[in-house]
Amino acid sequence: MQKPIRDKDMARMAPKPAAPKYVHLKVHSAYSLLEGALQIPKIAKLAIAHGMPAVGLTDTNNMFGALEFSEKLAEAGLQPIIGCTFQTDLRETGGAIAAHARPGANEPPQLAGAVAAFARSELGYANLMKLASACFLKPGDTEPPHVKIDDFEGLSGDLIVLTGGPDGPVDAAIRAGQPELARKRLEKLHATFNGSLFVEIQRHGLEHEIATEPQLLELAYALGIPIVATNE
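Cut-offs applied
- Residues numbered from 1 in each chain as written.
- Predicted model: local features only at pLDDT ≥ 70, side-chain atom pairs only at ≥ 80, totals over all residues.
- Heavy atoms only, no water.
- Helix = DSSP H or I, 4+ residues; strand = E, 2+ residues; numbered from the N terminus.
- Polar contact = N/O pair within 3.5 Å; in protein donor to acceptor, adjacent residues only side chain to side chain.
- Buried < 20%, exposed > 50% of the residue type's maximum accessible area, 1.4 Å probe, protein only.
- Arc of directions from axis to C-beta.
- Core = buried A, V, L, I, M, F, W, Y, C linked by side-chain atoms within 4.5 Å.
- Contact = heavy atoms within 4.5 Å.
- Axes fitted to C-alpha atoms, helices over the stretch in contact; angles between N-to-C directions.
- Left-handed = near helix turned anticlockwise from the far one by under 90°.
- Expected span 1.5 Å × (residues − 1).
- Phe/Tyr/Trp six-rings, centres within 6.5 Å; stacked < 30°, edge-to-face > 60°.

Turning to the side chain of His146, a few remarks are in order. With respect to the element layout, His146 can be found in the loop between α4 (122–137) and β5 (147–148). Among the polar contacts listed, one links the side chain of His146 to the backbone oxygen of Pro144, at a separation of 2.7 Å.

Looking only at helix α2 (residues 40–49), the buried set comprises Ile40, Ile43, Ala44 and Ala47. Buried residues in α2, looked at end-on, bunch into an arc of 100°, giving them a common side. Exposed side of α2, more than 90 degrees from the buried face: Lys45 and Ala49 are the residues found there. One or two residues past the end of α2 sits Gly51, with phi positive at roughly 65°.

Our focus in this paragraph is the nonpolar core. Counting residues in hydrophobic clusters, the biggest one holds 48 residues, and the most contacted among them are Phe69, Phe86, Leu128, Phe152, Val170, Leu186 and Leu189. Residues in contact with Val170, not counting those within four places in the same chain, are Ala182, Arg185, Leu186, Leu189, Leu216 and Leu219. The next biggest cluster of nonpolar side chains, apart from the first, holds five residues, and it includes Leu25, Phe118, Leu162 and Val228.

Contact geometry of α2 with helix α3 (residues 66–75) gives a least axis separation of 9 Å together with a crossing angle of 35°. Seen from above, α2 lies across α3 with right-handed handedness. Contacts from Ile40, Pro41, Ile43 and Ala44 in α2 reach Glu68, Phe69, Lys72 and Leu73 in α3.

The subject of this paragraph is helix α7 (residues 179–192). The end-to-end C-alpha separation of α7 is 20 Å, in line with the 20 Å expected for 14 residues at 1.5 Å each. Buried within α7 we find Leu181, Ala182, Arg185, Leu186, Lys188, Leu189 and Thr192. An end-on view of α7 places all buried positions within 160° of arc, on one side of the element. Facing away from the buried side of α7 by more than 90 degrees, the exposed set consists of Glu180 and Ala191.

What follows is about the packing of aromatic side chains. Considering all chains together, one arrives at two aromatic pairs under this definition. Centre to centre, the rings of Phe86 and Phe152 are 5.9 Å apart; their planes meet at 80°, and the pair counts as edge-to-face. Of the two residues, Phe86 is situated in strand β3 (residues 79–89) and Phe152 in helix α5 (residues 149–154); the sequence distance between them amounts to 66 residues. Take Phe86 and Phe152: they sit in the same class, and that class is buried. Between Phe152 and Phe193, the aromatic rings sit 5.3 Å apart at their centres with planes inclined by 70°, giving edge-to-face as the arrangement. With Phe152 in helix α5 and Phe193 in the loop between α7 and β7 (197–201), the pair connects residues that are 41 residues apart, well separated along the chain. The class of Phe152 is buried, set by a relative accessible area of 0%.

Next up, the structure:
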């Protein structure tokens, strides 16, 4: 006579849930000059080899690879996530988000760090393109490509934004021993992107990441901002 199947036997027989798939959101291609070396077809092949269902492209200050990236990943049956990393000046006109209020128009930019933005829709994609253009068209001839917080405020619709990890403005302020500035920067980004901001945590075992993570998490919990794990 067969033994009855008990609950613990059922649990043993049940299929194990599939391991969650990690998606690289912050990939830099060869279009990120001096930062990335991967050609876009190679990115698609690596994603397939590692069982990744999607990949995010965030070349720095440009979207030159967006069309090729979308086509190659779609051909490979993968979801392309279009984004861009922007070097950012967080000072407002007449504001005090930086350590000092913004002086005259001839004041050089004070780049606080980089943030990554992703398109959620056609509107978000259009806003990304406008921001990428602003990086080069709005700064002076001797200034590096960047966007100002004022530029984001007019083009924040349908974007998802990450705080930039170790290269971001919040982490930079924490490392500089300026916790109040870190909070002000995070509050400003949170207000600008209206609930579409994520605090970025990276764990490569580096000392500066380990040192800043507790304060990053504390700020995220205090302000009710969700957290995302990334790998630069």
